Amino acid sequence: YTATKGTLTFAPGITSQTIIVAVIGDRTDEVDEIFNINLTSATNATIADAQGVGTITDDDEPPTMTIGNKTITEGDNGSTYAVFSVSLSAPSAQSVSVNYATADGTATAGSDYIASSGTLTFAPGTTTATISVQVKGDFIDESDETFAINLINPTNATIAGGQAVGTIVDNDAPPALTISDQTVIEGHSGITYAVITVNLSAPSGQTVKVNYATANGSATAGSDYVANSGTLTFAPGQTSQIIKVAINGDRLDEANETFVVNLSSAVNATIAD
């Protein structure tokens, strides 16, 4: 408001006068405010009530609050933080606060990130604040994962966008597949199995798949061994699988023979051998 002072004069017979005080408008949300008008030094009258109170009623809407999404690369050592920005649509003359809490999406608190909750406070005039969430790094190849931060129970503001999504981008290379050689004695009759091991170089957080198929070397499918093909599936965390190839026994004297098993079309892994 604009400060004012002066002298009121009541002509003989007049019983009422007015004082005008200019109130300055704004667009800032604030509490109702008061100012006083004090009467002093009356002439030819006494003062029965020396102070009037002027109340300025605020007519501005409280600011709205939004939180932005964040994408962060996980890293390897657990010292990475996803920093979320919370914004007010306009400054407020009052202290603004809001509660927040993380929630799992495809990411899991404890293993992928550290759960966080608390109260965020904006000092009067401040329009931005941040929430930091610790992301746990690892050396496991996995899909990108998400978690959420929810805003609840605002004070002196409303929530326009109350949820942000944090995306944890995996930075680990996919594991490598290798297949072992195997030597087996054919036997004189019936079936003997060549058990061939396929290994992953490291556990994966994703399902790994690879196709396999036998192929002739000096051995011939049908007479020396039984052709075999299919798909191996490694569940998350699994690092070893086997392929069985049936060997046909006989009593013929012959040279040692070979066949191969080829890996192809790997999913969520590379083929090193």
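These lines cover the structure that appears in this document, whether it is placed above or below.

About the criteria used
- Residues numbered from 1 in each chain as written.
- Predicted model: local features only at pLDDT ≥ 70, side-chain atom pairs only at ≥ 80, totals over all residues.
- Heavy atoms only, no water.
- Pairing = 2+ DSSP bridges.
- Helix = DSSP H or I, 4+ residues; strand = E, 2+ residues; numbered from the N terminus.
- Axes fitted to C-alpha atoms, helices over the stretch in contact; angles between N-to-C directions.
- Buried < 20%, exposed > 50% of the residue type's maximum accessible area, 1.4 Å probe, protein only.
- Core = buried A, V, L, I, M, F, W, Y, C linked by side-chain atoms within 4.5 Å.

## Considerations on the sheet that holds strand E15 (residues 229-234)
If you walk across this open sheet you meet the 3 strands as E15-E14-E17, and the pairing is antiparallel. The sheet is open, and its two edges are formed by E15 and strand E17 (259-267), each paired on a single side. For this sheet, the mean angle separating the axes of adjacent strands, direction not counted, is 25°. Where strand E14 (residues 208-216) meets E15, 6 bridges bridge the pair, whose relative direction is antiparallel. The residue of E15 that forms the bridge with lysine 209 is threonine 233.

## Considerations on unusual backbone geometry
The backbone phi angle of asparagine 153 is positive, close to 55°, even though this residue is not glycine. With respect to the helices, strands and loops of the structure, asparagine 153 is situated in strand E9 (residues 145-155). Residue class for asparagine 153 comes out exposed when judged on its relative accessible area of 52%. The phi angle at serine 265 is positive, at roughly 55°, despite the residue not being glycine. By the secondary structure assignment, serine 265 is in strand E17. For serine 265, a relative accessible area of 52% gives the class exposed.

## Re the nonpolar core
Core analysis: the largest hydrophobic core is formed by 24 residues, its most contacted members being Met65, Ile131 and Phe147. Those elements giving two or more residues to this core turn out to be strand E3 (64-67), strand E5 (80-88), strand E6 (96-104), strand E7 (117-122), strand E8 (128-135), E9 and strand E11 (163-169). Judged by nonpolar contacts, the second largest core, of 19 residues, contains Val198, Leu232, Phe234 and Ala269.

## A few points about the sheet that holds E7
Pairing within the open sheet is mixed, and its 5 strands lie in the order E4-E11-E9-E6-E7. Every interior strand has two partners, whereas the edge strands, strand E4 (70-73) and E7, have only one. Averaged over all neighbouring strand pairs, the angle between strand axes comes to 25°, with direction disregarded. The pairing of E6 with E7 spans 6 bridges and is antiparallel. Each residue of the ladder has a partner; that of valine 98, found in E7, is leucine 120.

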